[in-house]
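Read off the chains here:
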Amino acid sequence: MKNKTKYILIFLVLPVTLVLVFFLSILAEDYKNYKNKAEKTEEATTESAEDRINAMLLEEYQKSQSTREYAVETTEAPELRPDDEEYDDMIDETDAEDVTADLEDDDSLSAEDEAIITAAEQEARLNNSGVNYGGINIVSSMNQVATNGQFVLNLTDEELNAPHPLLLQYDPRWAGYPYGTGTMKSSACGPTCFSMVVTGLTNISNASPPMIATYSMNHNYYVRGVGTSHQLFLTGAAEFGLYCQEISNNEMEMKAHIDNGEMLVLSVHYGNFTHSGAGHFIVIYGYNANGFMVNDPGSYERSTKYWPYKVISGDINKIYALGRAY
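This one's a predicted model, so the numbers in the text were calculated from it and none came from an experiment.

Digging into the overall build of the protein
- Each helix and strand counted, the protein has 10 helices and 12 strands in total.
- In the protein, of all internal contacts separated by at least 6 residues, the share reaching a separation of at least 24 is 67%.

Let's talk about the packing of aromatic side chains
- Overall, the coordinates contain 11 aromatic pairs when judged by the stated rule.
- With 5.0 Å between their ring centres and 85 degrees between their planes, Tyr-215 and Phe-240 make a pair best called edge-to-face. Of the two residues, Tyr-215 sits in helix H7 (residues 209–218) while Phe-240 sits in the loop between helix H8 (231–234) and strand E7 (242–247), which places them 25 residues apart along the sequence.
- The class for Tyr-215 is buried, based on a relative accessible area of 0%.

Side note on helix H9 (residues 251–259)
- When H9 is considered as a whole, its buried residues turn out to be Met-254, Lys-255, His-257 and Ile-258. Along the axis of H9, the buried positions cluster into a sector of 160 degrees, meaning they face one direction only. Residues of H9 that are exposed and angled more than 90 degrees away from the buried face: Met-252 and Asp-259.
- At the exit of H9 stands Gly-261, carrying a positive phi of roughly 85 degrees.

Quick word on the nonpolar core
- Core analysis: the biggest nonpolar cluster contains 51 residues, and Leu-57, Phe-194, Val-197, Phe-233, Phe-240, Leu-242 and Leu-322 have the highest contact counts within it.
- Once residues within four sequence positions are removed from consideration, Leu-242 is found in contact with Phe-194, Val-197, Val-198, Leu-201, Thr-202, Ala-237, Leu-322, Gly-323, Arg-324 and Ala-325.
- With 18 residues, the next largest nonpolar core counts Ile-247, Met-254, Leu-264 and Leu-266 among its residues.

Focus: unusual backbone geometry
- Although it is not a glycine, Asn-148 sits at a positive phi angle of roughly 50 degrees.
- Mapping Asn-148 onto the fold places it in the loop between strand E2 (136–138) and helix H4 (157–161).
- Note on Asn-148: relative accessible area 68%, which makes it exposed.
- The residue Asn-220 is not glycine, and still its phi comes out positive at about 65 degrees.
- Of note, Asn-220 is situated in the loop between H7 and strand E5 (222–223).

Some words on the sheet that holds strand E11 (residues 306–307)
- Taken in spatial order, the six strands line up as E7-E12-E8-E9-E10-E11 in an open sheet, and their pairing is antiparallel. Two strands bound the open sheet, and with one partner strand each, they are E7 and E11.
- Judged from the six bridges that link them, strand E8 (residues 263–268) and strand E12 (residues 316–324) form a sheet pairing that is antiparallel. By the bridge assignment for E12, Leu-266 is matched with Ile-319.
- On top of the sheet, H9 reaches E7, E8, strand E9 (280–288), strand E10 (291–295) and E12; it is set at about 75 degrees to E9, its chief contact.

Observations concerning the packing of helix H6 (residues 189–201) against H7
- Running from amino to carboxyl end, H6 crosses H7 at an angle of 120 degrees, the nearest separation of the two axes being 8 Å. Classified by the angle between their axes, H6 and H7 sit oblique to one another. Between H6 and H7 the crossing geometry is right-handed. Within the contact between the two elements, H6 uses Pro-191, Thr-192, Phe-194 and Ser-195 and H7 uses Pro-209, Ile-212, Ala-213 and Ser-216.

Quick notes on the pairing of E12
- Bridge analysis of E7 against E12 gives six bridges, and the strand direction is antiparallel. When the sheet's bridge partners are listed, Cys-244 is paired in E12 with Leu-322.

A look at the pattern of salt bridges
- Applying the stated criterion across every chain, the model contains six salt bridges.
- We note a salt bridge from Asp-171 to Arg-173, for which the minimum N-O separation is 2.8 Å. Of the two residues examined, Asp-171 and Arg-173, each falls in the buried class.
- One salt bridge connects Glu-246 with Lys-318, and the closest N-O pair in it is separated by 3.3 Å. Note that Glu-246 is positioned in strand E7 and Lys-318 in strand E12, a separation of 72 residues in sequence.
- Residue Lys-318 is classed as partly exposed on the basis of its relative accessible area, which comes to 34%.
- A single salt-bridge network, built from bridges that share partners, covers Glu-159, Asp-171 and Arg-173.

Focus: the pairing of E9
- Of all nine residues making up E9, seven are buried, and the element is well covered by its neighbours.
- Summarising the sheet, E8 and E9 pair through five bridges and their orientation is antiparallel. Along E9, the bridge assignment pairs Val-265 with Val-283.
- Relative to E10, E9 runs antiparallel, the two being bridged by five bridges. Residue pairing in the sheet places Ile-284 in a bridge with Val-294 of E10.

Rules used throughout
- Residues numbered from 1 in each chain as written.
- Predicted model: local features only at pLDDT ≥ 70, side-chain atom pairs only at ≥ 80, totals over all residues.
- Heavy atoms only, no water.
- Helix = DSSP H or I, 4+ residues; strand = E, 2+ residues; numbered from the N terminus.
- Contact = heavy atoms within 4.5 Å.
- Phe/Tyr/Trp six-rings, centres within 6.5 Å; stacked < 30°, edge-to-face > 60°.
- Buried < 20%, exposed > 50% of the residue type's maximum accessible area, 1.4 Å probe, protein only.
- Arc of directions from axis to C-beta.
- Core = buried A, V, L, I, M, F, W, Y, C linked by side-chain atoms within 4.5 Å.
- Pairing = 2+ DSSP bridges.
- Axes fitted to C-alpha atoms, helices over the stretch in contact; angles between N-to-C directions.
- Parallel < 35°, antiparallel > 145°, perpendicular 65-115°, else oblique.
- Left-handed = near helix turned anticlockwise from the far one by under 90°.
- Salt bridge = Lys/Arg side-chain N within 4 Å of Asp/Glu carboxyl O.

Listed below in structure tokens is the structure:
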């Protein structure tokens, strides 16, 4: 009887076990293939979405060139005057002492630090890999691209690959590019900030400041006599695969959104970042014990400093947190 049971185990149970193992291995392989296929499909969807956005931006630009009305002999819009409502007078060659003179805490730079930053800025403009200022890494290709008197719409590979490239309104590649009744240099802090966010958070390659400025004008996010509408971020973000939400002027909430991989766009009024009645937009992308890290489209210098919350909190009108939607 024992031998009979033994034979039953060998000739019945063992084959069944082998068959089960075989089918389980097939199921496991099918699941693996399904997972790989799903991941590839997701990647393809993401790539196609980014290709679609790049094509959209190029189409927007081409459409603007065919409909824009300015004199044949020049492609530059007239410069705004300092007394015009939209003019942002805090662009390039700003005086750090003038900006920080009224702060309760003395966060202004010493003459020695000013000289170091000036020298480092020149180095950064000749160095694609960027320059580090005490933990603040600046990647900016200003003055590295030959413009030959023409507007340059493309960003460099270094800017495209940087997690938070510094793009400046007064970059010679696009400083004179028309925006509204002025130019990128005089009025396009909003589109330049949005360009930094889109480029930093996505693989979209055509979102340079002039391309975003064109998109802003074509979609009525530019308001004549006022400047860039906040809807460029709130509504426009979705078209670039991003989400945008307004958050409160609270240090812990700002840091929580940065920790979540988001970038912040701040609307600020007269103070540390602008002396214009029209206000200004800046980007915050990180922080440490020294303060927040800022990309200011109107100042290379202000982008090399840490900004404690107590210093900037009084400047803030609105804060928008932007992150990837997919």
